[in-house]
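# Remarks on the overall topology
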Protein chains: 2
Amino acid sequence: MTPAEARAYFREHNVTTTAGFAPGNVQANLIAVDKQHAFDFLLFAQRNPKPCPVIGVLEPGQVSSHLMEGGDIRTDIPAYRIYRHGELAEETTDATEYWTKDMVGFLIGCSFTFERALLDAHVPVAHIAQGRNVPMYRTNLQCEPAGVLAGPMVVSMRPIPAGQVADAVRITSRYPAVHGAPVHVGDPLLIGIEDLGQPDFGDAIDIPAGAVPVFWACGVTPQSIVMHSRPDLAICHSPGKMLITDVHDAEYQVP
Amino acid sequence: MTPAEARAYFREHNVTTTAGFAPGNVQANLIAVDKQHAFDFLLFAQRNPKPCPVIGVLEPGQVSSHLMEGGDIRTDIPAYRIYRHGELAEETTDATEYWTKDMVGFLIGCSFTFERALLDAHVPVAHIAQGRNVPMYRTNLQCEPAGVLAGPMVVSMRPIPAGQVADAVRITSRYPAVHGAPVHVGDPLLIGIEDLGQPDFGDAIDIPAGAVPVFWACGVTPQSIVMHSRPDLAICHSPGKMLITDVHDAEYQVP
C-alpha cells in the first residue's frame, strides 16, 4: 500500500497497529489542542526538540497538509483517543465530531524512522526481534518548561551491544526530527529508573548479554505533559496507531 | 571579553558591530512582538527553519534566559530598532521603555557561526576577506505561510571556489540551527536574482574567478515578513549589532 492507500484503508475504520505499513515513510504521532494552548505547546516543542520533534502543524480549520496529500487528519488514523480535562474519555476510529474549528493539530516524529536506519546498519533492535513494544520509562530528567507545560521526560530504552553503541549514537544523531541522539547511555539509576523490568509504558524486554541500555527521548513525553495540564479537550492517536505521512524517512536525515 | 562582559559593555550604551566579539559564541538576531502574534511567528519558524532558526524564546515577562545568564534582553544589544505598524520609528540603545509586559522575544541563529566553521576548514569567505557586509537578496522562493505571515525568502550569497562547494555544503549542513545547508548553488536567475552586483541588503562584493555563487537562507527573512504583516509594535536588533549569547557554536553542531 502507498501512504495514500494506507490512509484510505484506515479511513474505512480498519483498526490495526501501523507498524510495517508503508516502510520508508515517516509515521507521526498526533496531539491536537484548542488554539488557546497552541503557543505553549509549540514553545514547549521548540525548547524540548528531542522528546517533542514537531514535523507538521495543522492550523485551526486545516485538516490536511502536504505531509498527507488528499488526507484528513480527523479520519485517517486507525484509532483516536479523546481526552477531557486530562482524562481518557473515549476511543474512536473517527474524530470528526470532536474536531472543533479551533483545534490545532501537532504531528510529532516517531522513532520508527531511526529504528529502520539502525536495522539497515545491522544494529539489532531487541524489542522488534522479541516481537514486543519498546519499553518506556518516566525519568528524573526535567523538560524545559514553557508556559503552563512542565514535567519529566519519558524515554524509550533499547539494549545495544557494547561494540555498537557508538554506531547507534552516530546513526540516530542524524535524525534530529525523530528524537535524534540518545539522552543517556548506561546506568538507568542515574536518570531515576529503578527497574528496567518494570517499564511505565510499553513492554518489558529481555536484555541480551553484553548489551548496554541506551535511552532516547520519547514521543510519549509531550502527551503525558499536556495531559498533566488538563486541557478541556485533547485528541491524540491511539498508541502504535499512527498517521502515515507522504514524507520519506530520508528527508529527515542530516547532514 | 567574555559574553557576559560584552553584554555589560553594550548595556553601557557602547554602540559597535558585534562581529569579532566573543569568538566561538553564538550571536543571535532579536525579533520581539506582542503575544497575540507569537503563535503565528513560532509556527512560521517551525515551517521555515532554514531562514528562521529559533534558538530561544523569551516568554511574556521574561527578559533573560539561560542563553544570556544575568543579562537583560532590553539593554544588552548595542542598538535596537523600534517598528510601529511595520515602519521604522526609532533606533535606540535601550529598549526598556518599549518592552511591554506582553512582548515575546525570539532569538534567531546567525550565520556568523557557520562562517567561522568555513574559515576553520580553509573555505574562503569573500565578504570577510573584502571587509564588507554579506550581500543579501530577495528571491522568488516562497516561504511556507503560517497564519498571517507569508512572503519570499531572503538569501545571503557567498562565492565559493568550485572545488570547495562540496565542503561548504557539508560543513554548513552540520549547523541546522544557524541556517544549515545552502538553498541554492549556481545560477542566480533561477531564484529570481537578476544582478548579483545589486543586493537588496548588505554590500555588493567582488566575485573571484572560478567561484560559484552559493546561497543560504538568511535571517533577514523573518524580519522582512513580520514587517509585511505590520504589527502595532516590533522590537528588533539593529543589523550587525547582535545579542552575544553564552552558547558555544559547537553546541549547535550536528551530528
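Let us look at the structure shown here. (Residues numbered from 1 in each chain as written. Chains lettered and ligands numbered in written order. Predicted model: local features only at pLDDT ≥ 70, side-chain atom pairs only at ≥ 80, totals over all residues. Heavy atoms only, no water.)

## Notes on the environment of L119 of chain B
- Along the polypeptide, L119 of chain B turns up in helix α3 (residues 112–120).
- Beyond its immediate stretch of four places on either side in the chain, L119 of chain B contacts V125 and I128 of chain B. (Helix = DSSP H or I, 4+ residues; strand = E, 2+ residues; numbered from the N terminus. Contact = heavy atoms within 4.5 Å.)

## Thoughts on unusual backbone geometry
- Unlike most non-glycine residues, H179 of chain A shows phi in positive territory, near 85°.
- Here H179 of chain A lies in the loop between α5 (165–173) and β8 (184–185).
- A positive phi is found at H13 of chain B, a non-glycine position, where the angle reads about 70°.
- Within the fold, H13 of chain B resides in the loop between α1 (3–11) and β1 (25–34).

## A short note on the sheet that holds β8 of chain A
All names here are of chain A.
- Read from one edge of the open sheet, four strands run β6-β7-β9-β8, paired in antiparallel fashion. The outermost strands of the open sheet, each flanked by one partner alone, are β6 (136–142) and β8.
- As paired strands, strand β7 (residues 152–161) and strand β9 (residues 211–217) are joined by seven bridges and run antiparallel to one another. Across the sheet, the residue bridging to R158 is V214, located in β9.
- Sheet strands touched by helix α6 (residues 220–228): β6 and β7. Its angle to β7, the strand with the most contacts, is close to 160°. (Pairing = 2+ DSSP bridges. Axes fitted to C-alpha atoms, helices over the stretch in contact; angles between N-to-C directions.)

## Focus: α5 of chain A
- By the burial criterion, the buried members of α5 of chain A are V165, A168, I171, T172 and S173 of chain A.
- On its buried face, α5 of chain A sits against α3 (112–120), β7, β8 and β9 of chain A. (Buried < 20%, exposed > 50% of the residue type's maximum accessible area, 1.4 Å probe, protein only.)

## Remarks on the side chain of S64 of chain B
Residue and element names in this part refer to chain B.
- Take S64: it is sitting in the loop between β2 (54–58) and β3 (80–84).
- A distance of 3.0 Å separates a polar atom in the side chain of S64 from the backbone oxygen of M68.
- When near neighbours in sequence (up to four residues on either side) are disregarded, S64 contacts L58, G70 and G71. (Polar contact = N/O pair within 3.5 Å; in protein donor to acceptor, adjacent residues only side chain to side chain.)

## A closer look at the relation of the copies chain A and chain B
- Least-squares fitting of chain A to chain B yields an RMSD of 0.0 Å, with the transformation described by 0.0 Å of translation along the axis and a rotation of 180°. This pairing of chains is accounted for by a two-fold axis. The C-alpha atom lying nearest the rotation axis in chain A is that of F39 of chain A; the distance is 2.4 Å.
- The overlap is high: 100% of the interface residues of chain A also sit at the interface in chain B, so the same surface is used on both sides. (Least-squares fit on C-alpha atoms with pLDDT ≥ 70 in both.)

## Considering the nonpolar core
- F39 and F106 of chain A together with F39 and F106 of chain B are the most contacted members of the largest nonpolar core, which has 70 residues in total.
- With sequence-adjacent residues up to four places away left out, F39 of chain A is seen in contact with A38, F39, L42, V57, V104 and F106 of chain B. (Core = buried A, V, L, I, M, F, W, Y, C linked by side-chain atoms within 4.5 Å.)

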